Amino acid sequence: MEKYYWITTYGCQMNVHESEKIAGILRARGYKQGKSEEEADIVVFNTCCIRENAENHAYGNIGALKKLKKSRPSMLIAVGGCMTQQAGAAEKLRKKFPFVDIVFGTHNLPVLGELIDKKLAGKKAVVDVWEKEGEADTEDISYRTSYPNAWVNIMYGCNNFCSYCIVPYVRGRERSRESGAIVKEVNALLDQGYKEITLLGQNVNSYGNDREDCTFWQLLNKICERKEKFRLRFMTSNPKDFGEDLVRTIADNEQICHLVHLPVQAGSDRILKLMNRKYTAKEYLEKVEMLRKYVPDCQLTTDIMVGFPTETEEDFQATLSLVKEARFSTAFTFVYSRRSGTVAAGMDGQIPEEVQKDRIMRLVELVNAQTRELSAAYRGKTIEVLCEDYDAKRGLYLGRDEYGRMGYFKSETNKVGDFVKLKVSGTSGVSLDCELCEDTKE
Ligand code: SAH
Ligand code: SF4
Ligand code: F3S
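The sections below set out a description of the structure shown in this document.

Rules used in this analysis
Residues numbered from 1 in each chain as written. Chains lettered and ligands numbered in written order. Predicted model: local features only at pLDDT ≥ 70, side-chain atom pairs only at ≥ 80, totals over all residues. Heavy atoms only, no water. Axes fitted to C-alpha atoms, helices over the stretch in contact; angles between N-to-C directions. Helix = DSSP H or I, 4+ residues; strand = E, 2+ residues; numbered from the N terminus. Parallel < 35°, antiparallel > 145°, perpendicular 65-115°, else oblique. Contact = heavy atoms within 4.5 Å. 1 Å grid on protein atoms, 1.4 Å probe; cavity = no way out; pocket = protein on both sides within 12 Å on 5 of 7 lines; lining within 4 Å. Points joined across faces, edges and corners; volume = space filled by probe spheres on them. Core = buried A, V, L, I, M, F, W, Y, C linked by side-chain atoms within 4.5 Å. Buried < 20%, exposed > 50% of the residue type's maximum accessible area, 1.4 Å probe, protein only. Expected span 1.5 Å × (residues − 1). Pairing = 2+ DSSP bridges. Right-handed = clockwise from strand over helix to strand, strands pointing away.

A word on the packing of helix α12 (residues 313–326) against helix α13 (residues 353–376). Contact geometry of α12 with α13 gives a least axis separation of 10 Å together with a crossing angle of 10°. One finds that α12 runs roughly parallel with respect to α13. In contact with Glu 313, Phe 316, Gln 317, Thr 319, Leu 320, Val 323 and Lys 324 of α12, α13 contributes Arg 359, Arg 362, Leu 363, Leu 366, Val 367 and Gln 370.

Per the counting criterion, the structure on display carries one cavity of 30 Å³ or more. In this structure, the largest cavity occupies an estimated 180 Å³ of space. Forming the walls of the largest cavity are 15 residues, and the residues nearest its centre are Glu 18, Thr 106, His 107, Tyr 156 and Arg 175. The element that contributes the greatest number of residues to the lining of the largest cavity is helix α1 (residues 13–28), accounting for three residues.

A few words on the nonpolar core. Counting residues in each nonpolar core, the largest one holds 68 residues, and the members touching the most others are Ile 197, Leu 199 and Phe 216. Top element by residues in this core is helix α11 (residues 281–294). It accounts for six residues. Setting aside residues no more than four positions away along its own chain, Leu 199 makes contact with Val 152, Ile 154, Val 204, Phe 216, Leu 220, Ile 223, Leu 232, Arg 233, Phe 234 and Met 235. Membership of the second largest hydrophobic core comes to 25 residues, among which are Leu 65, Met 75, Ala 90 and Leu 93.

A separate point is the environment of Ala 40. Counting through the fold element by element, Ala 40 comes out in the loop between β2 (31–33) and β3 (42–47). Owing to a relative accessible area of 0%, Ala 40 belongs among the buried residues under this scheme. For the pair Ala 40 and Leu 246, spaced 206 residues apart in sequence, the C-alpha separation works out to 45 Å. Not counting the four nearest positions on each side in its chain, Ala 40 is found in contact with Tyr 4, Tyr 5, Trp 6, Arg 72 and Met 75.

Let's shift gears to α1. Counted at 1.5 Å a residue, the expected span for α1 with its 16 residues is 22 Å, and the 23 Å between its end C-alpha atoms agrees. The element α1 is extensively covered by neighbouring structure, given that 12 of its 16 residues are classed as buried. Gly 30 occupies a position one or two residues after α1 and carries a positive phi of about 90°.

Let us look at the pairing of strand β19 (residues 431–436). With two bridges joining them, strand β17 (residues 406–409) and β19 adopt parallel strand pairing. Looking at β19, one finds that Gly 407 is bridged to Leu 432. Where strand β18 (residues 419–428) lies against β19, six bridges are found, and the strand directions are antiparallel. Within β19, the position partnered with Val 424 by the bridge is Cys 434.

Moving on, we come to the pairing of strand β14 (residues 330–335). Here strand β13 (residues 299–306) runs beside β14; their pairing, made up of six bridges, is parallel. Its bridge partner lying in β14, Val 306 is registered against Val 335. Handedness of the crossover is the feature at issue here: the chain leaves β13, passes through α12, returns alongside β14, and the resulting connection is right-handed.

Right, let's get into the sheet that holds β17. Taking strand neighbours around the barrel as the criterion, the five strands line up as β15-β16-β17-β19-β18 in a closed arrangement whose pairing is mixed. Ignoring strand direction, the axes of neighbouring strands in this sheet form an average angle of 50°.

So, about the sheet that holds strand β7 (residues 149–153). Overall, parallel pairing links the three strands, which are arranged β7-β10-β11 in an open sheet. Taken across any chain shown, the strands that pair with only one partner, and hence form the sheet edges, are β7 and β11 (231–235). Adjacent strand axes in the sheet meet at a mean angle of 20°, parallel and antiparallel pairs treated alike. As judged from the five bridges shared by strand β10 (residues 196–200) and β11, these two strands associate in the parallel manner. Considered in β11, the bridge of Thr 198 is made with Arg 233. Running at roughly 95° to β7, α1 makes contact with β7, β10 and β11 of the sheet.

Okay, here's the thing in structure tokens:
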């Protein structure tokens with residue numbers, strides 16, 4: 001009898017990639033990808049707790065499975081990821097949803113297969129969340145679904161303790177993988193035909209701080225020794241550790257995309273200090289300037305938060321000015337969410353919801369205007385994209401240029417995984433409407 005799995009993922013790229021590892025573990029146990037939760041023999045929720053709404057989402061979807069579980073008690077439900085790793089969360093989850101069979105954390109993801117065996121051998125729910133970090137090298141278990149891009153973790157955890165952020169509590173301390181293992185894995189992926197490698201870490205610039213062999217920019221150089229055509233991306237860079245060595249490395253290696261994601265969070269020095277970000281707005285802008293000096297065409301994206309405790313209208317105005325000055329091509333914008341256990345959760349001066357809403361709307365408006373302006377500048381230009389997928393609804397292929405801009409185009413032949421040249425005929429907000437250039441047609 002065939003056995004099927006279904007995985008629901010919340011949160012960041014790191015979690016998306018970890019779901020590929022979960023899929024690898026399930027496939028090694030004989031499960032195949034199902035078409036829906038309804039036909040699955042095991043449903044896994046890979047959760048996120050970065051903001052309250054991410055948690056509410058997961059809670060809602062787990063709760064919605066109660067009926068299905070009642071009608072098919074043999075179906076296993078497993079919940080893992082960052083949410084379960086919080087203090088007391090596993091107990092809370094079991095209490096709220098007694099029908100959940102397995103609860104695991106971020107640190108023991110690699111042993112999920114054994115937890116499944118244990119559950120299948122007995123009646124009791126299996127709850128196993130490790131407090132201590134696990135091994136750093138667990139990459140080869142992935143079942144990848146993101147061709148032509150492949151995600152590669154270079155490190156786990158975070159040491160920064162930004163005052164609003166739950167990640168250091170649920171992901172543990174920084175652990176860098178051995179550089180030789182990373183280079184070997186990247187080479188194997190390129191051998192298999194992957195065209196884009198995205199290196200993952202909460203703060204890739206501190207890669208190697210916990211070991212002797214290699215820094216982040218040295219790691220990039222090692223990867224770029226491979227001379228064939230591919231794209232190399234990485235995220236996330238923390239401005240406090242973003243240095244000239246790295247910028248030179250970006251300029252020197254043509255495989256590295258000219259797009260840097262450099263989360264700024266806020267434009268007010270007082271707020272940045274309260275956030276424990278360890279840089280000022282001026283220092284941030286100086287780094288942007290340095291990047292543009294070495295890599296003049298480099299695009300910049302960022303993360304910004306509004307409504308942090310005590311944020312005044314003046315502080316918020318400083319954020320708007322910084323957005324203009326840094327000329328971000330786009331930004332991920334968030335309303336501050338109080339995370340229990342973090343330093344900011346205990347701060348006085350939490351901002352009322354209506355003020356937060358008003359600020360996020362004004363910020364989004366500004367960011368969108370800047371993105372549209374950059375899109376408009378694309379009209380009539382020729383770009384090169386790496387074709388990622390086919391959008392069956394629109395009947396169009398899609399791919400990104402090196403700056404992360406998405407272009408849509410028509411093609412008679414399958415272009416997924418190919419670098420293709422496109423002429424930009426128009427823009428619709430963020431994405432570009434394009435035509436395939438003659439020289440890339442077959
Ligand atoms: N390691 C990355 C970010 C990881 S979390 C970095 O340091 O930049 C992704 C983004 O979520 C953060 O950049 C921040 O903007 C946002 N975020 C984190 N905690 C948050 C909170 N409590 N409320 C709202 N947004 C938050
Ligand atoms: Fe969170 Fe800061 Fe670490 Fe990023 S660097 S994961 S925002 S604590
Ligand atoms: Fe990522 Fe969410 Fe965890 S953003 S690291 S999945 S808390």
